[in-house]
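Take a look at the letters that make up each chain.
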Amino acid sequence: MDWNQVKGDWGASFAYVKATEGLTFGLLRGAYHFALPPESSGADQATYFVAHGGGWTADGKTLPGTLDIEYNPYTDDDGTNSCYGFSKSEMTDWCADFIATYTKLTSRPPMIYTTRDWWVACTGDATDFGDTVPLWQAGDTSPPSGWKYYTFLQSSLHDMDWNTFNGDGDALVSPAPSSTSTATSTSTSESVLDSNKFYFVAMGVVLAVAAILGLAVACCFSRTVRQKKTVYIRDGGGVSKEESTDASDEEKMPLKRKVAGSSDQA
């Protein structure tokens, strides 16, 4: 989903996401921030994230915000590289700045979403955060050196990004870092998939679908409401009743609308 297009070309200014249905449907929810280190400091981006829907509260429904730090998708535009032109130590410091600020603003650390390959290449396999920051790992099931195991694992299923929580339902409400987690350490995703069924579709997919549906209803379709009308017609000495399902049907009738008992003649 191209959100710049949604806002700029389609004119959208908000999106709704269904949270519940009756008493049988409900999802824990969270938000993530896609990091662009060259644009501003980690502190500035964490502050912006919290102020625009990425905060956390201990309500039993909100997952901690996530710092999505991965391969630079804009290398053709910004002239840098997969690590945004940062050195390993600069990237580690940038992440530390984001994490410290988010923690100060929300009272708990965010999660980190990344791949093992990117983390090793761009931070030098930094081990600074494993004791406090949960890991949401994509792809490889072997976590970076700073974490004993992942808290979430992202994989591909049915052509979508699916995520598995490495723990039980109570722990899902407030994922703990790997050093204190009650989840069983594992080096394979299969054992986690077998023991836990707490799947959720990536929030980006849910928001995208909700936005598309909302825009389709609000902007793209118009519908003629057909009203069923009862038309009474005086025919000679009696009164007959004719059903009309469309206003155009009535316009085609050569007789005037009558009310039963009227003295007007057709």
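Residues numbered from 1 in each chain as written. Predicted model: local features only at pLDDT ≥ 70, side-chain atom pairs only at ≥ 80, totals over all residues. Heavy atoms only, no water.

Attention now goes to the pairing of strand β5 (residues 111-115). In terms of burial, β5 is a largely internal element, five of the five residues being buried. Side chains of β5 alternate between two faces, with M111, Y113 and T115 and I112 and T114 buried alike. The pairing of strand β4 (residues 66-68) with β5 spans three bridges and is classified as parallel. Bridge pairing in β5 links L67 to I112. In terms of strand pairing, β5 meets strand β6 (residues 135-138) through four bridges, oriented parallel. Counterpart to T114 in the pairing with β6 is Q137. A crossover links β5 with its parallel partner β6, the connecting element being helix α5 (residues 116-123), and its sense is right-handed. (Buried < 20%, exposed > 50% of the residue type's maximum accessible area, 1.4 Å probe, protein only. Helix = DSSP H or I, 4+ residues; strand = E, 2+ residues; numbered from the N terminus. Pairing = 2+ DSSP bridges. Right-handed = clockwise from strand over helix to strand, strands pointing away.)

Right, let's talk about the pairing of β6 for a bit. Covered by surrounding structure in β6 are L135 and Q137 together with W136 and A138, the residues of both alternating faces. Sheet topology note: the β6/strand β7 (residues 152-157) ladder contains three bridges and is parallel. Bridge pairing in β7 links A138 to Q154.

Counted according to the given criterion, the structure contains one disulfide. The side chain of C83 participates in a disulfide bridge whose partner is C122; the two sulfur atoms lie 1.9 Å from each other. On the sign convention where negative is left-handed, the bridge of C83 and C122, at about -75° about the S-S bond, is left-handed. Taken together, the positions of C83 in the loop between α3 (75-78) and α4 (88-106) and C122 in helix α5 put the pair 39 residues apart, joining distant regions of the chain. Classification of C83 by relative accessible area gives buried; the value is 12%. Sulfur of C95: no disulfide; nearest cysteine sulfur belongs to C122 and is 9.6 Å away. Of the residues examined, C95 reaches a relative accessible area of 0% and is grouped as buried. (Disulfide = S-S within 2.5 Å.)

What follows is about the packing of helix α2 (residues 42-54) against α4. Axes are the key here: two packed helices are described by the angle between their axes and the distance separating the axes. Running from N to C, α2 and α4 cross one another at 40°; their axes reach a closest spacing of 7 Å. Taken together, the axes of α2 and α4 lie oblique to each other. Classified by chirality, the crossing of α4 by α2 is right-handed. Of the residues in α4, those in contact with G42, A43, Q45, A46, T47, F49, V50 and G54 of α2 are W94, D97, F98, T101, Y102, L105 and T106. Here the residues of the contact of α2 with α4 sort into eight nonpolar, six polar and one charged. (Axes fitted to C-alpha atoms, helices over the stretch in contact; angles between N-to-C directions. Parallel < 35°, antiparallel > 145°, perpendicular 65-115°, else oblique. Left-handed = near helix turned anticlockwise from the far one by under 90°. Contact = heavy atoms within 4.5 Å. Nonpolar A, V, L, I, M, F, W, Y, C, P; charged D, E, K, R; others polar.)

Let us now look at the nonpolar core. One finds L67, I69, C95, F98, I112, W119 and F129 to be the most contacted residues of the largest nonpolar core, which totals 26 residues. If one sorts the elements of this core by residue count, α4 sits on top with six residues. The contact partners of W119, leaving out residues within four places of it in the chain, are I69, C95, I112, T114, G124, D125, A126, F129, P144 and W147. Of all hydrophobic cores here, the second largest spans eight residues; its members include L63, Y113, F152 and L172. (Core = buried A, V, L, I, M, F, W, Y, C linked by side-chain atoms within 4.5 Å.)

With that out of the way, let us pick up unusual backbone geometry. Here D125, not a glycine, exhibits a phi torsion of approximately 60°, which is positive. With respect to the helices, strands and loops of the structure, D125 is situated in the loop between α5 and β6. On the basis of relative accessible area, D125 is assigned to the buried category, the value being 17%. A positive phi is found at D159, a non-glycine position, where the angle reads about 65°. Mapped onto the elements of the fold, D159 is located in the loop between β7 and β8 (160-165). Given a relative accessible area of 79%, D159 falls into the exposed group.

Scanning all chains against the criterion turns up nine aromatic pairs. Between Y113 and W136, the aromatic rings sit 5.2 Å apart at their centres with planes inclined by 85°, giving edge-to-face as the arrangement. Remark: W136 occurs in strand β6 and Y113 occurs in strand β5; sequence separation between them is 23 residues. Connected via pairs of aromatic rings, a cluster forms that spans F49, W94, F98 and Y102. (Phe/Tyr/Trp six-rings, centres within 6.5 Å; stacked < 30°, edge-to-face > 60°.)

Here the focus is the confidence of the model for the protein chain. In the predicted model, the protein chain carries a mean pLDDT of 74, and the fraction of residues at 70 or more is 65%. The spread of mean pLDDT over the elements of the protein chain runs between helix α7 (residues 189-195), the lowest at 29, and α4, the highest at 98. In the predicted structure, residues 178-210 sits below a pLDDT of 50 and forms 63 contacts with residues beyond four places in sequence or in another chain. Scored below 50 in pLDDT, residues 215-235 shows 50 contacts in the model against residues more than four places distant or in partner chains. (pLDDT = per-residue confidence, 0-100.)

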